[in-house]
Amino acid sequence: MSANAVPALSIEGVAKSFGGLKVLSDVSVTLGQGECLGLIGPNGAGKTTLFNIVTGFLIPDQGRVAFAGEDITRAKPDVRVRAGLVRTFQKSMAFPELSVRENLALAARSRNGEGYGWFGSGKAVAAADEAADELLIRAQLLDRADLPVAGLSYGEQRIVDVLVSLAMRPRVLLLDEPTAGLSRAEGEHLIEVVRTLGEDLSTILIAHDLDIVFGVCDRVAVLDLGRLIACDTPDAIKAHEGAQAAYLGASLGEAA
Ligand SMILES: Nc1ncnc2c1ncn2[C@@H]1O[C@H](COP(=O)(O)OP(=O)(O)OP(=O)(O)O)[C@@H](O)[C@H]1O
């Protein structure tokens, strides 16, 4: 990103409490255009809460969120999705009984504000099916197009989750533990799919597998007890004492 380019996403001084529990305190971080930012931290550090604030499922008590320079702190989640700010969830949001193609086509149509209705102009339906097949070809999953999602392996289902989010043509994609439960090879394949299919995409990746985070991210942000304690290149984070301490003495340097 050039020095004066508008960040894809800007989180400024965000704070959030649930009752007496302070979950995020004064968190500020930017995501550059085309950047892949890792977001790591121990369980309960506030990572998903930050995603919920960025995607509009929660409103922060303090601070603001800007998307491509525009303040979206109070915008509704669906408005953010249509603007190109898309997320995945820890739990799959795909419809298990629908086919892979149907899931992707519905996501493509929802991006156009067409909702999840089955009926629409023949042209729109055909265009959505075409967009779905294009993604499936590029992810080498076209032979799975007509299968119900429930009939896929767990690893394939996680890739479909990512393809559903890509079908919404995001400009910024937030991935919440997309590699959880996958083998190292499956996790790397999934990230490769995102990187290959998401040209020009800016990404924030939450993952507990530090090898994956350090291997693919341009920078890594570390949350601990709701505070951003570091945000730097993977090598700098591996050597960062505070980040190491947050992981209870684990040597981050051993990863990747
Ligand atoms: N809606 C809520 N009401 C009350 N407490 C909540 C709520 N959502 C999250 N919390 C609490 O906020 C803290 C941060 O949770 P969060 O899920 O953001 O952490 P995380 O870093 O994503 O953790 P993990 O890696 O385990 O997913 C936790 O203590 C959690 O119990």
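So, how was this worked out
- Residues numbered from 1 in each chain as written.
- Predicted model: local features only at pLDDT ≥ 70, side-chain atom pairs only at ≥ 80, totals over all residues.
- Near = placed C-beta within 6 Å.
- Helix = DSSP H or I, 4+ residues; strand = E, 2+ residues; numbered from the N terminus.
- Domains from an automatic or database assignment.
- Nonpolar A, V, L, I, M, F, W, Y, C, P; charged D, E, K, R; others polar.
- Buried ≥ 20, exposed ≤ 12 C-beta atoms within 10 Å, placed from the backbone.
- Core = buried A, V, L, I, M, F, W, Y, C linked by C-beta atoms within 7 Å.
- Contact = placed C-beta atoms within 7 Å.
- Pairing = 2+ DSSP bridges.
- Axes fitted to C-alpha atoms, helices over the stretch in contact; angles between N-to-C directions.
- Parallel < 35°, antiparallel > 145°, perpendicular 65-115°, else oblique.
- Left-handed = near helix turned anticlockwise from the far one by under 90°.

### Topic: the site of the ligand
Taken together, Phe18, Leu21, Val23, Gly41, Asn43, Gly44, Ala45, Gly46, Lys47, Thr48 and Thr49 form the complete shell of residues around the ligand. If you list the elements that add at least two residues to the shell around the ligand, you get β2 (21-31) and α1 (47-55). In terms of residue count, α1 provides more of the shell around the ligand than any other element does, three residues in total.

### So, the domain arrangement of the chain
Split into domains, the chain comes out as domain 1 (1-84 + 170-256) and domain 2 (94-167). Summarising the inter-unit geometry, the C-alpha centres of domain 1 and domain 2 are found 26 Å apart. Of all the secondary structure elements, the ones that give two or more residues to the side of domain 1 that touches domain 2 are α2 (77-83) and α6 (184-197). Per element, the largest residue contribution to the side of domain 1 that touches domain 2 is six residues, and it comes from α6. Class assignment for the residues of the side of domain 1 that touches domain 2 results in nine nonpolar, three polar and two charged.

### Some thoughts on unusual backbone geometry
Despite not being glycine, Gln140 has its phi angle at roughly 55°, a positive value. Looking at the element boundaries, Gln140 is found in the loop between α4 (122-138) and α5 (154-167). A positive phi angle, close to 50°, is found at Glu177, a residue other than glycine. Its location among the elements puts Glu177 in the loop between β7 (172-176) and α6. Assessed through the 19 C-beta atoms surrounding it within 10 Å, Glu177 is described here as partly exposed.

### Some remarks on the nonpolar core
Core analysis: the biggest nonpolar cluster contains 71 residues, and Leu104, Leu163, Ala167, Leu205 and Val213 have the highest contact counts within it. It is α5 that provides the largest number of residues to this core, a total of seven residues. Inspection of this core shows a minimum of three residues originating in each of domain 1 (1-84 + 170-256) and domain 2 (94-167). Contact partners of Leu163, with chain neighbours within four places excluded, come to Leu104, Leu135 and Ala139.

### What about the pairing of strand β3 (residues 36-40)?
The buried fraction of β3 amounts to five of the five residues, a majority that puts the element mostly inside the structure. Neither face of β3 is left uncovered, since the one carrying Cys36, Gly38 and Ile40 and the one carrying Leu37 and Leu39 both have all their residues buried. Looking at chain direction, β3 and strand β8 (residues 202-206) are connected through four bridges and run parallel. Pairing of Leu37 across the sheet is with Ile204, part of β8. In this structure, β3 lies alongside strand β9 (residues 219-224), joined through four bridges in parallel fashion. Bridge assignment links Gly38 to a residue of β9, and that residue is Val220.

### Quick word on the packing of helix α3 (residues 100-111) against α5
Here α3 crosses α5 at 30°, and the two axes come no closer than 7 Å. The angle between α3 and α5 places the two elements in the roughly parallel class. In this structure, the crossing between α3 and α5 has a hand that is right-handed. Across the interface between the two elements, Val100, Asn103, Leu104, Ala107 and Ala108 from α3 touch Val160, Leu163, Val164 and Ala167 from α5. The class makeup of the residues in the contact of α3 with α5 is eight nonpolar, one polar and no charged.

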